[in-house]
Amino acid sequence: MKIALAIALAAIAGSDLDFRVLVTNAGQLSPFRENRDLTPSAVRVGIAKAGGRYTVVDMPIETYVARVVAGEAARDSQPAALEALAITVRTFAAANLGRHRADGLDLCDQTHCQVLRSATAATERAARATAGRLLLRDGVPATVYYSASCGGHTAMPSDVWPGHEDPPYLPSQSDDACGGAPEWTSDLRAGDLLRALHASGFRGAALRGMRVASRNRSGRVARLRLDGLEPPSLSGQDLRVAVGRTLGWQHIKSAAFDLRRSGDVYRFTGRGSGHGVGLCVIGSANLAEKGRTAEQILARYFPGLEVSTGQAATLTFERDADSARGRSSNGSADRVAAPPARLDDAVAVSLPDEDEGERATITREWMAARADLARALGVVAPAHLTLRFHPTIDEYEQATGRAWFTSGAFVDGELHLLPLATLRERGVLERTIRHELVHVMTDDLLRGRPAWVREGAAVYFGGEQMLPRAAPKRPAFEPEPHADCPTDNELLRPVSVGALANAYARARACFVKQMSAGKTWREIR
């Protein structure tokens, strides 16, 4: 915030002022300086291919906006709705450049970022009419969101992504514009729900019961209680994601639902579609039908944000990816023009679609742990690292060759982690990040020594990390009296959660014993 304010004040001091639109709840106008360089001239888009790879296309920004509006807008939307969405789409792109740094591109063409379709005459007109316009917060592109339908009440970001900032321009408020549409009903058998929950890291032989325990201010399900599984609860959003990734996104369309059980079947009755944060696409279409302007629509869904003026330009649209400069990429393609250096350039975070709202929180936690551990260990923090959170337990195990209860593994220069919801529900997200970061900082210096030295350092400096379902009668990491240091096989190929917990406890005990004798961590062997 201070950096953004300093940039804005310095720019104002060094240039002439003109005027921009300030959107308020009342739709009033206020002056703001012009700063056209905030809008990128082009974006590097990954067109998804089979096998998780991309064809990378360098696409002019307004071509990109026109194609995204074609993919995300409600059918037969009026021009004002298309223009409001175009400004939102352009802002999203500007604020999220480099989101796919780990894959060598800016943004993908899937719901993880923004969906692309062939542009139409109407979406090209919307891009042209709003060319260069952005939603700004303190003079820089704002973090904005939109979804198909809020279901009659928008959600605050933290209701969907724990730890996310709740800025005043993304409130939880009643919205009659979408009329609560769509209303939906879905029946799921207990066995199918169990399969979805198992894939997300929950453990237990049977789902004996599930009920809504609490709701948030928007009426969405905040917590569900699970009978027969561990952990024994999860959020409504996390259930939606677990079911969506395993069974399909058509079943639980939002977290605004009621739940009833009849025998082996759970009936979900809900409204809305998507996370519900920010602009409601169906609501904006209905408002445009009633004669509201793009600025009035944006004022409703993003109260207090500034809308920049446009830029006069003759725009040439490229309708298809084949007409742009494209090439295949496995994540190693070079960037044509690198973005400005940022504080989070030390880490590239790869998140599944529905976890994207937690990117800033994860980055902050990583950077804080990186600085803290660098001081504690007396080493230089790693210059750059990729964190890759997997959407399911199975994908984590396939990518790493490690069992689910290991939580994290460093493979081929990337830190692979269990699904974010799994780590969060088990309360081990921060400790897992610290544990694996210690490995990154110390393994080269401890190379050739027994595995217990490396794991002992990770457990000791990373914090006492309790493992899922491990319930020793002693305090965490207290081994059997006179226990030997664990073998490499016990640590690298554990047969169970309990076996790994015991091996970690013994590794830490052996590590602490030598530290207590006056050795530094570098001298332990």
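Here, every reference points to the structure presented above.
Conventions and cut-offs
Residues numbered from 1 in each chain as written. Predicted model: local features only at pLDDT ≥ 70, side-chain atom pairs only at ≥ 80, totals over all residues. Heavy atoms only, no water. Phe/Tyr/Trp six-rings, centres within 6.5 Å; stacked < 30°, edge-to-face > 60°. Helix = DSSP H or I, 4+ residues; strand = E, 2+ residues; numbered from the N terminus. Lys NZ or Arg CZ within 6 Å of the ring centre and 35° of its normal. Core = buried A, V, L, I, M, F, W, Y, C linked by side-chain atoms within 4.5 Å. Buried < 20%, exposed > 50% of the residue type's maximum accessible area, 1.4 Å probe, protein only. Contact = heavy atoms within 4.5 Å. Pairing = 2+ DSSP bridges. Axes fitted to C-alpha atoms, helices over the stretch in contact; angles between N-to-C directions. Salt bridge = Lys/Arg side-chain N within 4 Å of Asp/Glu carboxyl O. Parallel < 35°, antiparallel > 145°, perpendicular 65-115°, else oblique. Left-handed = near helix turned anticlockwise from the far one by under 90°. Nonpolar A, V, L, I, M, F, W, Y, C, P; charged D, E, K, R; others polar. Disulfide = S-S within 2.5 Å. Expected span 1.5 Å × (residues − 1).

Draft legend 1. Spotlight on the packing of aromatic side chains. Tallying each qualifying case throughout the model produces six aromatic pairs. With a centroid separation of 5.5 Å and 45 degrees between ring planes, the pair formed by Y460 and F511 is classed as tilted. Of this pair, Y460 sits in helix α14 (residues 451-462) while F511 is found in helix α16 (residues 497-516), placing the two residues 51 residues apart along the sequence. Chaining the aromatic ring pairs together yields one cluster made of Y460, F461 and F511. Positioned above the aromatic ring of W404 is the side chain of R203, whose terminal nitrogen or guanidinium carbon lies 4.1 Å from the ring centre.

Draft legend 2. Examining the nonpolar core more closely. Core analysis: the biggest nonpolar cluster contains 57 residues, and Y64, L279 and F302 have the highest contact counts within it. Tallying contributions element by element places helix α3 (residues 79-95) first for this core, with ten residues. Setting aside residues up to four positions removed in sequence, L279 forms contacts with L85, T88, Y145, Y146, S147, S284, I297, L298, Y301 and F302.

Draft legend 3. Region of interest: the environment of E354. Positionally, E354 belongs in the loop between β17 (347-350) and α10 (359-377). Its relative accessible area of 11% is what places E354 among the buried residues. Taking the C-alpha atoms as reference points, E354 and D238, 116 residues apart in sequence, are found 8.9 Å from one another. For E354, the contacting residues outside a window of four places in its chain are W161, Q237, R240, V241, R245 and W249.

Draft legend 4. Geometry of the sheet that holds strand β20 (residues 414-417). Taken in spatial order, the four strands line up as β17-β18-β20-β19 in an open sheet, and their pairing is mixed. Bordering the open sheet on either side are β17 and β19 (408-411), each of which pairs with just one other strand. Strand-to-strand twist in this sheet, taken as the mean axis angle between neighbours without regard to direction, amounts to 20 degrees. For β19 and β20, the ladder comprises four bridges, and the chain directions are antiparallel. Pairing of A409 across the sheet is with H416, part of β20. Contacting β19 and β20, helix α11 (residues 393-400) runs over the sheet at an angle of about 35 degrees to β19. Sitting on the sheet, helix α13 (residues 429-442) touches β18 (385-389), β19 and β20, and the angle it makes with β19 is about 30 degrees.

Draft legend 5. Structural detail: the pattern of salt bridges. Overall, the coordinates contain 23 salt bridges when judged by the stated rule. Close ionic contact of E295 with R133 constitutes a salt bridge, the shortest N to O distance being 2.9 Å. With a gap of 162 residues between them, E295 in helix α9 (residues 294-301) and R133 in the loop between α4 (121-129) and β5 (135-137) connect regions that are remote in the sequence. Here E295 falls in the partly exposed class, since its relative accessible area comes to 29%. Because the salt bridges share partners, they merge into one network encompassing R99, E356 and R359.

Draft legend 6. Quick peek at the sheet that holds strand β9 (residues 209-215). Judged by pairing direction, the sheet is antiparallel, and its three strands sit side by side in the order β9-β10-β11 without closing on themselves. Either end of the sheet is taken by a strand with one partner, and the two such strands are β9 and β11 (233-234). Where β9 meets strand β10 (residues 221-227), six bridges bridge the pair, whose relative direction is antiparallel. Bridge assignment links M210 to a residue of β10, and that residue is L226. Running over the sheet, helix α7 (residues 236-247) touches β9, β10 and β11 and is turned about 70 degrees from β10.

Draft legend 7. Highlighting unusual backbone geometry. Note that the residue after A181, namely P182, is joined by a cis bond; omega there is -5 degrees. Relative to the helices and strands, P182 resides in the loop between α5 (157-160) and β8 (183-189). Located in the positive-phi region is D76, a residue other than glycine, with phi close to 60 degrees. What makes D76 exposed here is its relative accessible area of 65%. Its identity is not glycine, yet S407 carries a phi of approximately 75 degrees, on the positive side. Relative to the helices and strands, S407 is located in the loop between α11 and β19.

Draft legend 8. Main features of the packing of helix α2 (residues 61-72) against α3. Remark: α2 packs on α3, axes separated minimally by 9 Å, with the N-to-C direction vectors making an angle of 120 degrees. Taken together, the axes of α2 and α3 are oblique relative to one another. As for how α2 packs across α3, the hand of that crossing is right-handed. Contacts from I61, E62, Y64, V65, V68, V69 and E72 of α2 reach α3 at L82, L85, A86, V89, R90 and A93. Along the lines of polarity and charge, the residues of the contact of α2 with α3 split into ten nonpolar, no polar and three charged.

Draft legend 9. Up close: the state of the cysteines. Under the definition given, this model contains one disulfide. Through a disulfide, C485 is tied to C510; the S-S separation comes to 2.0 Å. Judged by the sign of its S-S torsion, about -115 degrees, the bond between C485 and C510 is left-handed. Here the residue C485 occupies a position in the loop between α14 and α15 (488-492), and C510 occupies one in helix α16, the gap between them amounting to 25 residues. Judged by its relative accessible area of 32%, C485 falls in the partly exposed class. No disulfide involves C150; its nearest neighbouring cysteine sulfur is the one of C178, lying 3.9 Å away. We note that C280 lacks a disulfide partner, and the nearest cysteine sulfur, in C150, lies 3.9 Å from it.

Draft legend 10. Fine view of α14. With twelve residues, α14 extends 16 Å from end C-alpha to end C-alpha; this agrees with the ideal 16 Å at 1.5 Å per step. For α14, the buried fraction is high: eleven of the twelve residues fall into the buried class. Of all the residues in α14, the buried ones are A451, W452, V453, R454, E455, G456, A457, A458, V459, F461 and G462. One or two residues past the end of α14 sits G463, with phi positive at roughly 105 degrees.

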